[in-house]
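Chain and residue survey
Take a look at the letters that make up each chain.
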Amino acid sequence: MDFTLNDEQMMFAETARTLFADSCSPDHWHRMMEADAAWDEARWAAIVDTGLTAMLLPESAGGLGLCEVDFALIAREAGYAALPEPLVESAGVAAPLLAALAPDHPALGDPMATIAIAHPLNPVVPHADRAAAILLEKDGEAFVATPDRVTLTPAPGIDPFRRLFRVDWDAADATALGSKSNGADWALALDRAALFSAAMGLGLAQRAVDLAVDYAKERQQFGKPIGSYQAVKHHLATAQVAIEFARPVVMAAAADIGRQDVHSRARVSHAKIVALEAADNAARASIQVHGAMGYSWEVDVHLFLKRALALSQNWGTPAFHRARIAERLFTQAAGPDQLFARDQKERETENA
Amino acid sequence: MDLSYTPEQQAFRAEVRDWLARHVPAEPLEHFDATRAGFEAHRQWENTLKSGDWGMVTWPVEYGGRGLDLIQWLIFEEEYYRAGAPGRVNQNGIFLLGPTLIEFGTHEQKQRFLPPMASGEEIWAQAWSEPQAGSDLAGVRATATRDGDDYILNGHKIWSSRAVFADWAFGLFRAPGSERHKGMSLIFFPLDAPGVTVNPIRKINGHVGFAEIFLENVRVPAFNRLGDEGQGWHICMATAGFERGLMLRSPARYQVAAAKLAALWQERKADADPMLEAEVIRAHMNAEAYALSIYQTASRLMAGAKIGPEASTNKIFWSELDIHLHRTALSILGPEAELLPPPGAQDWLDDYIFALAGPIYAGSNEIQRNIIAERMLGLPR
Ligand SMILES: Cc1cc2nc3c(=O)[nH]c(=O)nc-3n(C[C@H](O)[C@H](O)[C@H](O)COP(=O)(O)OP(=O)(O)OC[C@H]3O[C@@H](n4cnc5c(N)ncnc54)[C@H](O)[C@@H]3O)c2cc1C
């Protein structure tokens, strides 16, 4: 039993933090919004260079063969920077899925390429137009297509950095990836997406709090910084408490995601719900603490509100995830000795 | 990161489970705050625990413990609550003063006070609060006047849990003439010493769960002072760290309650508001989140970290989840919620009343939010 991160994991996260701090700063956001851009090619190249897109790919596919705990730390940093590019969707979810279903797919050979995934739970796909390949699902069967073989209809959304598309497609235009064994791979993809959305939620939440803290130290009213007033303090303290009790759930979900049983699924769902609630609460608290400034486009808090909204409702709504927790709670033994419970079956194979 | 128990940890769990199965009283004991008999029955239970060396498993062996680590402590607590074992009547001693003594006490003090604490022979009360010093604990006025090798204690303490029946108290006193955080000392006194008067105070459930204590020229040896003279505030804050952070409220307590709540829901959902299912699930999530957070903290502490201001987030989280959980249970019981004795085996109502105190004691949740804002987030005072 060890709940700590190792030095390597912390270093990788630190590298991502520095990279995003340098390349995805408020200045970058503002310039992109002025140009109506949702993609920065130089930043993406730096992300690829750093190896962040290769983390979850198996070494056989030229990847680093790292695990979800490692990538969750990166996803958190992406959330902290409100990263526009689909690092998490592509490198955290779609690419490992494609690598599992079609290891020789050419899109995996191009390091700069992104891969999109049109999951039945989500009505739209961010950045689908730029993807080298789009993963699709129909009646439990997996397909892959290039964007030119499907119909992409822009679906404008409120987050300036999520360029969204509806995807319509015909099985005749896509390549089937076989239906036999891939159900498990799709289930894992959904769990990864929910987990990494949760990890991004942690980052979104912390940034929203940090922005408010900075502002509350500077802004003066009644002759004092507003951060010295308790009503302001308590808003932010409450937001921080939610973050503190979402983080260990996210990390535990990441550590056990590979089990793919009713327990690991419930934990991922728990993480998804609470981390995005933390993000939503923090974003709203942050807007309130900023006053009218927080309500203005030029102050960046709205980015965190909007991303939290998107991630809360995509990759399974709170109700979807609550149902998965209910399945665990009402069909399995509960209680203090069940915190790290696993499926009986798996335990038996381990003992054998 | 590896979230599985080692074979040694699993064997330890089995050992605890087995011992408890053979020793936990079949019938629940009368509440320790209700009557002297209930209190003494709990003292007897502490003694039974000690006979199996389970008094306080994390303490060094030479002081009556087993020298186990924090993960083993969590496993012990999980099994303890799972077995429905009696509440720890000496919790202020073993969970608060004990760790503080281990950190700040001399060898002689540890030898004198820890073993009888672990066995329940001496049951402790905390005597910090005063009528004029609640949240603002630095406003304590009770004095300790040095007289040769002794101190003479005077003052008025209040809200001291279990002081009605307990044997000893650890109190916060100041040198005459000193102000605020300076000049304070943490000093132990027997509750039956000449000059000590203990008046019971009834709680909202009717039990005499706490007391006020008057001290009039109470003479105790200087040996009873923990740490240096004037170091009292610093030591109290360390105790408060144990209280808020790790020891006082085991996650297992809430995990057991959440599991019982899920069972209550299954049993009664046909007659209950369907909206409550989401709250039942939420209670389970909260209990697990708290447990995971404590496992994470335990891991960090074992790797050499120290408890910091984040202990304040724990205190807010467990106290709020406790109330939410029990309110949900009462909502499921509906119009039967108010009945005494309560319907069913579980006393949801009394546990709810107990939970309501959580945001008040151990530093109110408003104070904890101030601490988080100022010391974690760096907002100005
Ligand atoms: C069940 C129970 C058991 C207890 N057991 C013990 C014990 O064993 N030993 C012991 O010494 N004490 C004990 N206490 C006392 C407890 O520590 C105090 O109640 C607590 O510190 C609050 O002090 P107070 O009651 O005087 O409230 P006050 O300090 O008067 O506070 C009243 C209200 O004002 C708020 N408030 C006060 N100051 C501020 C501020 N600066 N900012 C914002 N809000 C503020 C508080 O949060 C609270 O809501 C116990 C209390 C209870 C309820």
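Residues numbered from 1 in each chain as written. Chains lettered and ligands numbered in written order. Predicted model: local features only at pLDDT ≥ 70, side-chain atom pairs only at ≥ 80, totals over all residues. Heavy atoms only, no water.

- An unreviewed UniProt entry lists chain A under the name Alkylation response protein AidB-like acyl-CoA dehydrogenase, with Sphingobium jiangsuense given as the organism.
- You can read under Sequence similarities (unreviewed entry) in the UniProt record for chain A the words "Belongs to the acyl-CoA dehydrogenase family."
- Under the heading Cofactor (unreviewed entry), UniProt records this for chain A: "FAD". (UniProt positions renumbered as here; feature names shortened; annotations may be inferred.)

1. Examining the overall build of chain A
- In terms of helices and strands, chain A carries 11 helices and nine strands.
- Taken against the 2.2 N^0.38 rule, which gives 20 Å for 352 residues, the C-alpha radius of gyration of chain A at 20 Å falls within 12% of a compact globule.
- Overall, chain A is about 70 × 55 × 35 Å in size when its C-alpha atoms are taken along their principal axes.
- Residues classed as buried in chain A amount to 59% of the 352 residues present.
- Within chain A, contacts between residues at least 6 apart in sequence are counted, and of these 71% link residues at least 24 apart.
- A total of about 14,100 Å² of accessible surface is found on chain A, and carbon and sulfur atoms cover 52% of it. (Helix = DSSP H or I, 4+ residues; strand = E, 2+ residues; numbered from the N terminus. Rg over C-alpha atoms; globule rule 2.2 N^0.38 Å. Buried < 20%, exposed > 50% of the residue type's maximum accessible area, 1.4 Å probe, protein only. Contact = heavy atoms within 4.5 Å. Areas by Shrake-Rupley, 256 points an atom, 1.4 Å probe, with all protein chains shown as cover.)

2. As for the UniProt feature "domain: Acyl-CoA dehydrogenase/oxidase N-terminal" (unreviewed entry) in chain A
- Per the UniProt record, "domain: Acyl-CoA dehydrogenase/oxidase N-terminal" (unreviewed entry) is found at residues 6–84 of chain A.
- Between the C-alpha atoms that bound residues 6–84 of chain A the distance is 28 Å, and the span itself is 62% helix and 0% strand.

3. A word on the site of the ligand
- As a structural note, the neighbourhood of the ligand is formed by 18 residues, with Gln-230 of chain A together with Ser-135, Trp-159, Ser-364 and Glu-366 of chain B the closest of them.
- In this structure the ligand sits where residues from chains A and B come together.
- Taking Glu-366 of chain B, its side chain carries an N or O atom lying 2.7 Å from an oxygen atom of the ligand.
- Separating a nitrogen atom of the ligand from a side-chain N or O atom of Asn-370 of chain B is a distance of 3.5 Å.
- Out of a free accessible area of 960 Å², the ligand has 66% covered by protein chains.
- For the shell around the ligand, the secondary structure elements donating two or more residues are β3 (150–161) and α11 (365–376) of chain B.
- The residues that make up the shell around the ligand include at least three from each of domain 2 (125–230) and domain 3 (249–376) of chain B. (Near = heavy atom within 4 Å. Polar contact = N/O pair within 3.5 Å; in protein donor to acceptor, adjacent residues only side chain to side chain. Domains from an automatic or database assignment.)

4. Some thoughts on the UniProt feature "domain: Acyl-CoA dehydrogenase/oxidase C-terminal" (unreviewed entry) in chain A
- Annotation from UniProt places "domain: Acyl-CoA dehydrogenase/oxidase C-terminal" (unreviewed entry) at residues 190–329 of chain A.
- A helix fraction of 79% and a strand fraction of 3% characterise residues 190–329 of chain A, whose end C-alpha atoms lie 20 Å from each other.

5. Side note on the domain arrangement of chain B
- Examined at the domain level, chain B breaks down into domain 1 (7–122), domain 2 (125–230) and domain 3 (249–376).
- Using C-alpha coordinates to define each centre, domain 2 of chain B is positioned 31 Å away from domain 3 of chain B.

6. Topic: the interface of chain B and chain A
- At the junction of the two partners, chain B supplies 53 residues and chain A supplies 48 residues.
- Roughly 4,600 Å² of surface becomes buried between chain B and chain A when both sides are summed, with 71% attributable to carbon and sulfur atoms.
- The interface formed by chain B and chain A contains five salt bridges.
- A salt bridge links Glu-277 of chain A to Arg-282 of chain B, with the shortest nitrogen-to-oxygen separation between them at 2.6 Å.
- Where chain B packs against chain A, one counts 16 residue pairs in polar contact (both at pLDDT 80 or more). (Buried area = accessible area lost by both parts, 1.4 Å probe. Salt bridge = Lys/Arg side-chain N within 4 Å of Asp/Glu carboxyl O.)

7. Focus on the packing of aromatic side chains
- All chains considered together, the criterion is met by 30 aromatic pairs over all chains.
- When the centroid spacing of 3.9 Å and the interplanar angle of 5° are considered together, the rings of Phe-245 of chain A and Phe-317 of chain B count as stacked. Placement of Phe-245 of chain A in helix α7 (residues 230–256) and of Phe-317 of chain B in helix α9 (residues 311–333) is noted, with the two residues assigned to different chains.
- Between Trp-124 of chain B and Phe-188 of chain B the ring centres are 5.1 Å apart and the planes differ by 80°, which places this aromatic pair in the edge-to-face class. Of this pair, Trp-124 of chain B sits in strand β1 (residues 124–127) while Phe-188 of chain B sits in strand β5 (residues 184–190), and the two are 64 residues apart along the sequence. (Phe/Tyr/Trp six-rings, centres within 6.5 Å; stacked < 30°, edge-to-face > 60°.)

8. Examining the packing of helix α10 (residues 318–331) of chain A against helix α8 (residues 276–302) of chain B
- Running from amino to carboxyl end, α10 of chain A crosses α8 of chain B at an angle of 75°, the nearest separation of the two axes being 10 Å. By the criterion of interaxial angle, the relationship of α10 of chain A to α8 of chain B is roughly perpendicular. Across from Arg-322, Ile-325, Ala-326, Arg-328, Leu-329 and Phe-330 of chain A in α10 of chain A, the residues of α8 of chain B making contact are Glu-277, Ala-278, Val-280, Ile-281, His-284, Met-285 and Glu-288 of chain B.
- Residue composition of the contact of α10 of chain A with α8 of chain B, by class: eight nonpolar, one polar and four charged. (Axes fitted to C-alpha atoms, helices over the stretch in contact; angles between N-to-C directions. Parallel < 35°, antiparallel > 145°, perpendicular 65-115°, else oblique. Nonpolar A, V, L, I, M, F, W, Y, C, P; charged D, E, K, R; others polar.)

9. As for the layout of surface pockets
- The volume enclosed by the second largest pocket comes to roughly 710 Å³.
- Broken down by secondary-structure element, the contributors of at least two residues to the lining of the second largest pocket are α1 (7–23), α4 (68–80), α6 (182–218) and α7 of chain A together with α8 and α9 of chain B.
- Within the lining of the second largest pocket, the residues separate by chemical class into 15 nonpolar, eight polar and seven charged. (1 Å grid on protein atoms, 1.4 Å probe; cavity = no way out; pocket = protein on both sides within 12 Å on 5 of 7 lines; lining within 4 Å. Points joined across faces, edges and corners; volume = space filled by probe spheres on them.)

10. Points about the sheet that holds strand β1 (residues 115–117) of chain A
Residues and elements named next belong to chain A.
- With respect to topology, four strands assemble into an open sheet ordered β1-β3-β4-β7, the strand pairing being mixed. Looking at which strands have only one partner, the edges of the open sheet turn out to be β1 and β7 (175–176).
- Pairing of strand β4 (residues 141–145) with β7 involves two bridges; the strand directions are antiparallel. Within β7, the position partnered with Phe-143 by the bridge is Ala-176.
- Sitting on the sheet, helix α5 (residues 87–101) is in contact with β1, β3 (133–138) and β4, with an inclination near 90° to β1. (Pairing = 2+ DSSP bridges.)

11. Some points on the environment of Ile-74 of chain A
- When you line up the elements, Ile-74 of chain A lands in helix α4.
- Discounting chain neighbours no more than four positions away, the residues touching Ile-74 of chain A are Phe-12, Ala-13, Ala-16, Phe-20, Leu-52, Met-55 and Leu-87 of chain A.

12. Here's the deal with helix α10 (residues 348–356) of chain B
- Within α10 of chain B the residues assigned to the buried category are Trp-348, Leu-349, Asp-350, Tyr-352 and Ala-355 of chain B.
- In this structure, the buried side of α10 of chain B is in contact with α7 (251–268) and α9 of chain B.

13. Structural notes on the pattern of salt bridges
- All told, the structure shown has 43 salt bridges over all chains when counted by the stated rule.
- One salt bridge in this structure joins Arg-267 of chain A and Glu-288 of chain B, with 2.7 Å as the shortest N-O distance. In this pair, Arg-267 of chain A is assigned in helix α8 (residues 262–290) and Glu-288 of chain B in helix α8, connecting two distinct chains.
- According to the relative accessible area criterion, Arg-267 of chain A is buried, its value standing at 8%.
- For Glu-288 of chain B, a relative accessible area of 8% corresponds to the buried category.

14. Considerations on the pairing of β5 of chain B
Residues and elements named next belong to chain B.
- A large share of β5 lies buried, amounting to seven of its seven residues.
- Residue alternation in β5 divides its side chains into two sets, Met-184, Leu-186, Phe-188 and Pro-190 and Ser-185, Ile-187 and Phe-189, and both sets are buried.
- Pairing of strand β4 (residues 168–174) with β5 involves seven bridges; the strand directions are antiparallel. The residue of β5 that forms the bridge with Leu-172 is Leu-186.

15. Quick word on the domain arrangement of chain A
All names here are of chain A.
- According to the domain assignment, chain A consists of domain 1 (7–180) and domain 2 (183–346).
- For domain 1 versus domain 2, the separation of C-alpha centres amounts to 21 Å.
- On the domain 2 side, the residues contacting the 40 residues of domain 1 number 34 residues.
- Summed over the shared surface of domain 1 and domain 2, the result is two salt bridges.
- In this structure, Arg-192 engages Glu-68 in a salt bridge whose closest nitrogen and oxygen atoms are separated by 2.8 Å.
- Taken together, the connections running from domain 1 to domain 2 amount to eight residue pairs in polar contact (both at pLDDT 80 or more).

16. Here we look at the sheet that holds strand β5 (residues 151–154) of chain A
- The three strands lie next to each other as β2-β6-β5 (chain A), forming an open sheet whose pairing is antiparallel. Single-partner strands in this sheet number two, and they are β2 (125–126) and β5 of chain A.

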